[in-house]
Structures are given as structure tokens and as C-alpha cells.
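This is what each chain is made of:
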Amino acid sequence: MKKLVLLLVCVGVCRPLAGQPERHEFVITNFRTESGVTLPQARVVYGTYGHLNAAKDNAILLPSHYMANFHGYEWLIGQGRALDASQLFLVATELFGNGQSSSPSNTPEPYHGPRFPVMTIRDNVEAVHRLLTEELKITHLRAVIGFSMGAQQAFQWAVSYPTFADRIVATSGTAKTYPHGYVRLEGQIAALTADAAFQGGDYTAPPAKGLEAFGVVWAAWLYSQEWWRRELWRTNTQPGTTFEQVMDRFRTRFIPGADANNLILQMRTWEKHDVGKTAGFDGDVERALRSIKIPLLYMPSETDLYFPIGDARYEAAFIPGVTLTPIPSLWGHTAGAASNPADGKFLNENIGRFLAAGAKP
């Protein structure tokens, strides 16, 4: 049975892809975070698809989303899709806190577990900028393409490094986390940490009840209300699957094996995202958006409850070179990562055209 409850993380991972990516790690010594904490070592795990050409001008960056690994964009890669790895060099990076890159769960004391510093989207972008320029010797990208927290990173690239990429694509994600999104994330953190076994993050065994509550709270936000009313979960499950079974999977297998402190760390990263807080913009998100110099394809899901389409329309009004193309879907937030064939077709066609329009002759 396909794992409906893993759509946010597993989207694309479960689909076949011609040619396997290569896994790499980039280590930064004495990485200073925005919070002022310096990590003795900061590791960024990343995957590469295809080959970097001699001119080093065929690279595209794919920054990962919540608790995802570098396989999370394989719905966009391959023959007949927007990204052809036989022609492009694709760099897919993993966020701090996913359990592979530096995270609460894999960092030694004094920064283990709940003592790991809160990382910002800018921290992640700065680390990846160093990865690209220092390890891969890439000084320019054809595009940055991001879904969800990957879209947050794409916006930050456009503001922090306005000419580093030719084009930006953001699906199901905004340039700032607005108060309603912050409240949602706090509700999920509260559900997780209410378990007495959490012990302030110094648990000796996974806080199982808290993790189950976290999964159930998350379930209400992942898809649209109409998706639930129409029981569209039936399209991804075996005949005879019941609603109760679907809910049980959210409760017990939403993100299997995920560490509680890692989950919280990435939610804190999500909460803090605001391109207006980039140096030089004094907290003014509108001014930061006006500073974007390159074409940007903005693809919110029409039914996203995480990043409502109204927030996307608000932001798009300030971006000079924006193409706002909402995804006409009932699949809520997951529409931005091709969680069903129709959305996958829509994304690949629109992203492919957008990239082709900026391709060098």
C-alpha cells in the first residue's frame, strides 16, 4: 500500500528515476549561526544528479523541504520532465535538522538535543552558498527551485544573492512565515512536547504519545477540506482502506523514525523565516521583495492551508519580475510537490516553460 501519510516527505522518492544520484557531505568548521552560536562542525548532506560541465554553468539548486532528504525533487527530474539530468547538474541539499545534515540528534554536546541552536533559513542558505562556491566552485546557477521550506530558501536566495541565479521557482511556500502559520506550528510543537516522556527534549526514549499527537494535528492542515470531503485519500490507497486506517497512519507513521528534537528544530526554522530580516532591509518584507532582480515563478497551491494563496498574492504584488501561477488543486500543500499526476503535469509543464524562456541560445 502506498504511504499516503508520507506524501509531504516522500513525494517523488517512491517513483522510479533513471540514474541514481550521488550522496555527498560538506563540512564547515566553526559555522557561526544567526543566533550567535558557533557550531564546531556544520555538515550539509546533498545529492547530485548529472554532471557539471566544463564552463560550470549548467547547475540548478534544489533545496529540501520539511524533514526531507535530497530525493525530494525526483518528481521534477527525468525524461519528459522539467529537469533533464543528462543536460543539467542538479544539486539537492538537505536542511539542517533533518537528521542527516547537522541536527539535534547527531550533534555532540554541548549542542546535542534541545541545546542545538535554532537555525534560520538564512543559516541554511549561507551554508549552501559556501558549499557551492568553495566545494563545487560554482559561482552562478541557472535556477533555484524550491517547494515549501525549499521555496522559503529560494526566496532567500533571491534576496541575499540577487544575481547568483538566473531564475527562481517557488512552489507552496512564501517569503515570510506570517502569524497564522506561526500559530499552526506552535500547535504542533505543543502537541509533541505535552508528552511527559519528552522531558524538555532530554528524553531517553522517543516520546511516542507526543509524536502521535503531532501527526494527528499535522493531518488537519496537510490537505484541503474538500480533499477530505471527497475522500481523495482513496486514490492513493488499496481498495477497502478505511478512514480510520488513514488516520491511524497519520498517528503512528507520519514521518517514521523522525527524532522529536529534529522535528521541533525545523519547525522553529520555519517559524523564523522572513526575508525582510535580511541585513539591509530592517524587517521590511515588502522592500526585500522589491529588491528581487531576476524572474520568479511563484506557484502557490490554491488550497494550501500552510501558505494560503492570499499570502502569495500579497507578496507577488511587490516582486518586479514575478509570474504568479496558482496550482489548481484540491491537494492542499502537497500540490506543490506533485502529490498526484495532474499536479505533477501542471508543475512540470509550467516550470519547464519558465526555465526554457530563460535558457541561453
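What counts, and at which threshold
- Residues numbered from 1 in each chain as written.
- Predicted model: local features only at pLDDT ≥ 70, side-chain atom pairs only at ≥ 80, totals over all residues.
- Heavy atoms only, no water.
- Helix = DSSP H or I, 4+ residues; strand = E, 2+ residues; numbered from the N terminus.
- Expected span 1.5 Å × (residues − 1).
- Buried < 20%, exposed > 50% of the residue type's maximum accessible area, 1.4 Å probe, protein only.
- Contact = heavy atoms within 4.5 Å.
- Polar contact = N/O pair within 3.5 Å; in protein donor to acceptor, adjacent residues only side chain to side chain.
- Pairing = 2+ DSSP bridges.
- Axes fitted to C-alpha atoms, helices over the stretch in contact; angles between N-to-C directions.

S.K.: Describe helix α11 (residues 341-357), with residues and values.
M.R.: The end-to-end C-alpha distance of α11 is 24 Å, a good match for the 24 Å that 17 residues give at a rise of 1.5 Å each. Of all the positions in α11, only D343, G344, L347, N348, N350, I351, G352, F354 and L355 are classed as buried. Against β3 (59-63), β5 (141-147), β6 (165-171) and β7 (296-299) lie the buried residues of α11.

S.K.: Please give an account of the side chain of T48 that cites residues and values.
M.R.: Mapped onto the fold, T48 is located in strand β2 (residues 38-50). Within polar-contact distance, the side chain of T48 engages the side chain of H24 at 3.0 Å. In this view, T48 contacts P21, E22, H24, F89, L90 and V91; residues no more than four positions away in its chain are not counted.

S.K.: Pulling in residues and values, what's your account of unusual backbone geometry?
M.R.: With an omega of 15°, the peptide bond between E109 and P110 qualifies as cis. With respect to the helices and strands, P110 occurs in the loop between β4 (89-93) and α2 (121-135). With a phi angle near 55°, N30 is a residue other than glycine that sits in the positive phi range. Note on placement: N30 falls in strand β1 (residues 22-32). Despite not being glycine, A338 has its phi angle at roughly 60°, a positive value.

S.K.: So, the sheet that holds β3: which residues are in play, and what are the values?
M.R.: With mixed pairing, eight strands are arranged side by side in an open sheet as β1-β2-β4-β3-β5-β6-β7-β8. Of all the strands in the sheet, just β1 and β8 (322-324) have a single pairing partner and so form its edges. Strand after strand, the sheet turns through a mean of 20° between neighbouring axes, direction not considered. Summarising the sheet, β7 and β8 pair through three bridges and their orientation is parallel.

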